Amino acid sequence: MAYSEKVIEHAENPRNVGTLDKDDPSVGTGLVGAPACGDVMRLQIKVSDNGVIEDAKFKTFGCGSAIASSSLATEWIKGKTVDEAATIKNSDIVTELNLPPVKIHCSVLAEDAIKSAIADYRAKQTAKRAAKAQ
Amino acid sequence: MLDPKKLDAKATAVKLPIFMDYHSTTPVDPRVLEEMLPYFQLESGKFGNAASRSHVFGWTAEEATDYARDRLAKLINAQSEKEIVWTSGATESDNLALKGVAEFYKDKGNHIITTVTEHKAILDTCKRLEKEGFVVTYLGVATDGRVDPDDVKRAITDKTILVSIMAANNEIGTVQPLEEIGKITRERGVLLHSDAVQSVGKVPFDVQKMNVDLASITAHKMYGPKGVGALYVRRSKPRVRLVAQMDGGGHERGMRSGTLNVPGIVGFGKAAEIMRTEGKADNERIFRMRERLRTRLQSAIDETYINGSMEHRLPGNLNISFNFVEGEAMMMAIKDVAVSSGSACTSASLEPSYVLRALGVGDELAHSSIRFGLGRFNTDAEVDYVADLVISKVKHLRDMSPLYEMHKEGIDLKSVQWTAH
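Criteria and thresholds
Within each chain, residue numbers correspond to sequence positions counted from 1 in written order. All chains are assigned letters beginning at A, and all ligands numbers beginning at 1, according to the order in which they are written. Predicted model: local features are reported for residues with pLDDT of at least 70 only, side-chain atom pairs are reported and counted for 80 or more only, and whole-chain, interface and lining totals are derived from all residues. Note that the side-chain values use all heavy atoms of the structure and ignore hydrogens as well as water. Every helix listed is a DSSP run of H or I at least four residues long, and every strand listed is a run of E at least two residues long, numbered separately from the N terminus. One less than the number of residues in a helix, times 1.5 Å, gives the span that helix is expected to have. The buried label applies to any residue whose accessible area, calculated with a 1.4 Å probe on protein chains only, is under 20% of its type's maximum; exposed applies above 50%, and partly exposed to all values in between. Every residue pair with non-hydrogen atoms within 4.5 Å of one another is taken to be in contact. As a per-residue measure, pLDDT reflects the predictor's confidence and takes values from 0 up to 100. By the convention used here, strands pair only if DSSP detects at least 2 bridges between them. Note on method: axes are straight lines fitted to C-alpha atoms, helices fitted across the in-contact stretch only, with angles between N-to-C directions ranging 0 to 180 degrees. Patch definition: residues with relative accessible area over 30% and no salt bridge; like charges joined within 9 Å; nonpolar side chains (Val, Leu, Ile, Met, Phe, Trp, Tyr) joined within 5 Å. Accessible surface area values rest on a Shrake-Rupley calculation with a 1.4 Å probe, where residue burial reflects the displayed protein chains alone. Basic side-chain nitrogens of Lys or Arg form a salt bridge, by our definition, when they fall within 4 Å of a carboxyl oxygen of Asp or Glu. Buried area, as used here, totals the accessible surface that two parts lose on assembly, with accessibility defined by a 1.4 Å probe and the loss added over both. Roughly parallel refers to an angle under 35 degrees, roughly antiparallel to one over 145, roughly perpendicular to one between 65 and 115, and oblique to any angle outside these ranges. Rotating anticlockwise by less than a right angle from the far helix to the near helix defines a left-handed crossing, while the corresponding clockwise rotation defines a right-handed one. For Phe, Tyr and Trp, where Trp contributes only its six-membered ring, two rings pair if their centres lie within 6.5 Å, and the inter-plane angle classes them as stacked under 30 degrees, edge-to-face over 60, or tilted in between. To qualify as a nonpolar core, a set must consist of buried Ala, Val, Leu, Ile, Met, Phe, Trp, Tyr and Cys residues joined through side-chain atoms within 4.5 Å.

Caption draft 1: Spatial organisation of helix 2 (residues 64-77) of chain A. All names here are of chain A. The terminal C-alpha atoms of helix 2 lie 20 Å apart, and with 14 residues this matches the ideal 20 Å at 1.5 Å per residue to within 8%. Buried residues dominate helix 2, accounting for 12 of its 14 residues. Within helix 2 the residues assigned to the buried category are Gly64, Ser65, Ala66, Ile67, Ala68, Ser69, Ser70, Ser71, Leu72, Ala73, Thr74 and Ile77. Once helix 2 ends, the next one or two residues include Gly79, with phi positive near 90 degrees.

Caption draft 2: Quick peek at the side chain of Thr174 of chain B. Residue and element names in this part refer to chain B. Relative to the elements of secondary structure, Thr174 occurs in the loop between strand 5 (160-164) and helix 6 (178-188). For Thr174, a relative accessible area of 0% gives the class buried. Leave out the neighbours within four places in its chain, and Thr174 touches Asp144, Gly145, Arg146, Ala167, Ala168, Asn169, Gly308, Ser309 and His312.

Caption draft 3: Inspection of the confidence of the model for chain B at higher detail. Per-residue confidence for chain B averages 95 on the pLDDT scale, and 95% of its residues sit at or above 70. Confidence estimates for the predicted assembly give a pTM of 0.94 and an ipTM of 0.95.

Caption draft 4: How the structure looks around the sheet that holds strand 6 (residues 191-195) of chain B. Residue and element names in this part refer to chain B. Read across the sheet, 7 strands follow the order 2-8-7-6-5-3-4 without closing on themselves; strand pairing throughout is mixed. On the outer flanks of this sheet lie strand 2 (84-87) and strand 4 (135-139), each paired with one strand and no other. The mean angle between the axes of side-by-side strands here comes to 20 degrees, regardless of whether they run parallel or antiparallel. Across 4 bridges, the pairing between strand 2 and strand 8 (residues 229-233) is antiparallel. Each residue of the ladder has a partner; that of Trp86, found in strand 8, is Ala230. Packing of helix 2 (residues 56-76) onto the sheet brings it into contact with strand 2, strand 7 (214-218) and strand 8, and relative to strand 2 it is tilted by some 115 degrees.

Caption draft 5: Broad picture of the environment of Pro35 of chain A. On the secondary structure map, Pro35 of chain A appears in the loop between strand 1 (27-34) and strand 2 (39-47). Sequence separation between Pro35 of chain A and Gly18 of chain A is 17 residues; the distance between their C-alpha atoms is 19 Å. Every residue in contact with Pro35 of chain A, bar those within four places of it in the chain, is listed here: Val40 and Phe61 of chain A together with Glu364, His367, Leu403 and Trp418 of chain B.

Caption draft 6: Looking closely at a nonpolar patch on the surface. Residue and element names in this part refer to chain B. On the surface, Leu42, Phe47, Val56, Phe57 and Trp59 cluster together into a nonpolar patch covering about 500 Å² of accessible area. Mapped onto the elements, Phe47 comes out in the loop between helix 1 (30-36) and helix 2. Since its relative accessible area comes to 38%, Phe47 is described here as partly exposed.

Caption draft 7: Layout of the pattern of salt bridges. Residues and elements named next belong to chain B. Per the counting criterion, the structure on display carries 40 salt bridges over all chains. As a salt-bridge pair, Arg371 and Asp21 come within 2.9 Å of each other at their nearest N and O atoms. Taken together, the positions of Arg371 in strand 13 (residues 369-373) and Asp21 in the loop between strand 1 (18-19) and helix 1 put the pair 350 residues apart, joining distant regions of the chain. You'll find Arg371 and Asp21 in the same group, each marked buried. One salt bridge in this structure joins Arg276 and Glu273, with 3.4 Å as the shortest N-O distance. Here Arg276 pairs with Glu273, and both are found in helix 7 (residues 262-300), just 3 residues apart, close to one helical turn.

Caption draft 8: Representation of the sheet that holds strand 2 of chain A. All names here are of chain A. Pairing is antiparallel across the open sheet formed by 3 strands, whose spatial order is 1-2-3. In this open sheet, the two strands that pair with only one neighbour each are strand 1 and strand 3 (53-61). Strand-to-strand, the axes of this sheet are offset by a mean angle of 10 degrees, without reference to chain direction. As defined by bridge partners, strand 1 adjoins strand 2 across 8 bridges and the pair is classed as antiparallel. The partner of Gly28 across the bridge, within strand 2, is Ile45.

Caption draft 9: Expanded view of the interface of chain A and chain B. Listed by partner, the interface residues are 31 residues for chain A and 26 residues for chain B. Across the chain A/chain B interface, buried area totals approximately 2500 Å², and carbon plus sulfur atoms make up 67% of it. Of all residues in chain A, Pro35, Lys59 and Phe61 of chain A give up the largest surface area on contact with chain B, accounting jointly for 24% of the area buried on that side. For the pair chain A and chain B, the number of links is 4 salt bridges. Glu12 of chain A is paired through a salt bridge with Lys335 of chain B; the nearest N and O atoms lie 2.8 Å apart.

Caption draft 10: The arrangement of the packing of helix 7 of chain B against helix 11 (residues 380-399) of chain B in detail. All names here are of chain B. The contact between helix 7 and helix 11 brings their axes to 10 Å, and the two run at 20 degrees. Our classification of the angle between helix 7 and helix 11 gives roughly parallel. For the element pair helix 7 and helix 11, the recorded crossing hand is right-handed. Residues Met289, Arg292, Leu293, Arg296, Leu297 and Ala300 of helix 7 touch helix 11, and the partners they reach there are Asp380, Val383, Asp384, Val386, Ala387, Asp388, Val390 and Ile391.

Caption draft 11: Region of interest: the environment of Ala244 of chain B. Residues and elements named next belong to chain B. By secondary structure assignment, the location of Ala244 is in the loop between strand 8 and helix 7. For Ala244, a relative accessible area of 21% corresponds to the partly exposed category. Residues Ala244 and Gly254 lie 10 residues apart in sequence; the distance between their C-alpha atoms is 6.8 Å. Apart from residues no more than four positions distant in its own chain, Ala244 is found in contact with Leu96, Gly254 and Met255.

Caption draft 12: Molecular detail of the packing of aromatic side chains. Residue and element names in this part refer to chain B. Tallied over the entire structure, the rule returns 7 aromatic pairs over all chains. For the ring pair Tyr223 and Phe377, a centre distance of 5.7 Å and an interplane angle of 85 degrees mean the geometry is edge-to-face. Of this pair, Tyr223 sits in the loop between strand 7 and strand 8 while Phe377 sits in the loop between strand 13 and helix 11; the two residues are 154 residues apart in sequence, bridging distant segments of the chain. Three or more aromatic residues joined by ring pairs form one cluster here, namely Phe19, Tyr22, Tyr223 and Phe377.

Caption draft 13: The nonpolar core, seen in detail. Within the largest apolar cluster, 89 residues are counted, with the highest numbers of intra-cluster contacts made by Met20, Phe205, Leu293, Leu297, Phe322, Phe372 and Val390 of chain B. Not counting residues up to four positions away in its chain, the partners in contact with Leu297 of chain B are Leu318, Phe322, Phe372, Ala387, Val390 and Ile391 of chain B.

Put into structure tokens, the structure is as follows:
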């Protein structure tokens, strides 16, 4: 299938590939997908004390569109607050990357990865607060 | 770290893009094209309809198609050129063989035996026949992709009319034990059909030695033109009968109506002749290139898996999984090299290759498979270029792969609770 230029651009020059310390309480990690399905995304966010995502990293096993979707997701969420990042929809990614219908699941996975990373971060914060309260 | 200069195609003797997908099709050999051209044109007087009986244009065309018949018959060791029926390609040949035999012999029995790794032209034809009341047994294959001849023997009943087993697989290049299977079918008086598209000219394929009664062949996998195929139909011991699936003017001794594609058939004949005279040397050279590619990749990359038998394999086939790297991403990363993948992402169905699944290759490795198909016009320089490129891109994609990172940390990926989607 022919890819859009934006997919090719992201897949060839992915932004923010890497790993953050998953044990850091200010880091949220989302791991979604399954090897048997042909795509796994890990997206991580590092959140400042005032709730702004100051860094985001990803690693993806998947096709070019999956790599591009996660690369774009990290680019978009950096500098946003956690609440703002949570509003990103897969349809925004589809539009930006011009994904064909057969690749929409890649964008769904990227949205899931963002949400999962945020949920992990929030769970850590809740646990931290609970530990402090005790 | 790889020297970027080494990947500069200009610095080496290769021209991009590189074609390494010879199982999908092949370019027409220039000698084949040269022989075809007069059969299109007025000036040569060779453009006639082979079915025209009343003038020299028709006779010339008919003579040319019979000459091609003889050349193809020789390549597969058929007893007579009359055993070759021209078709539009191997899909039609497969349909004609299965439906034609089923319809003719339906009073004798309703059982057909085939394998799960056949081409869709066989599998979908079998499904159609099942709807019409035939019973089809789909034999499984071993982890090396081969059918056990004893399984064939056990599956035959007194209702069995046909066994259809491909000579070599299009994805993994596995060559089936047809000679042993042919002994069994002959002894039991059951017809044997073989989809021989990938094997003819590449590995020994001899309809006498293998007791094959029907064989599907196509020109475009052996440096002939697209849109022309053949069905070998044995004429004696046993004489195979078919019900035509294309009604019309009664061409091809009533087995396949339709005006013959004379230029295409002439090209097919020339392609067969080249295979018969040069095939052995060609295949040895292709085999050496395949092995050069394989050893270079496997010595530089960890966690690679070869899919299908190494021993019983088409000389130009390398189907290899690069664990933790998804196949379509790999193909995108090496986009100047034409290959194919068993990854779901390359198929409309989003299911990984059914052939790899049949071998018991896990879905994750099926998603990571790449099929290299080497052929006549590849060069050592291309092999070296592709090897360097693949080695560097696997590293690049693994640096980006969460699975490779987890593997390196010693995490058993099977123990992870994945979210299926």
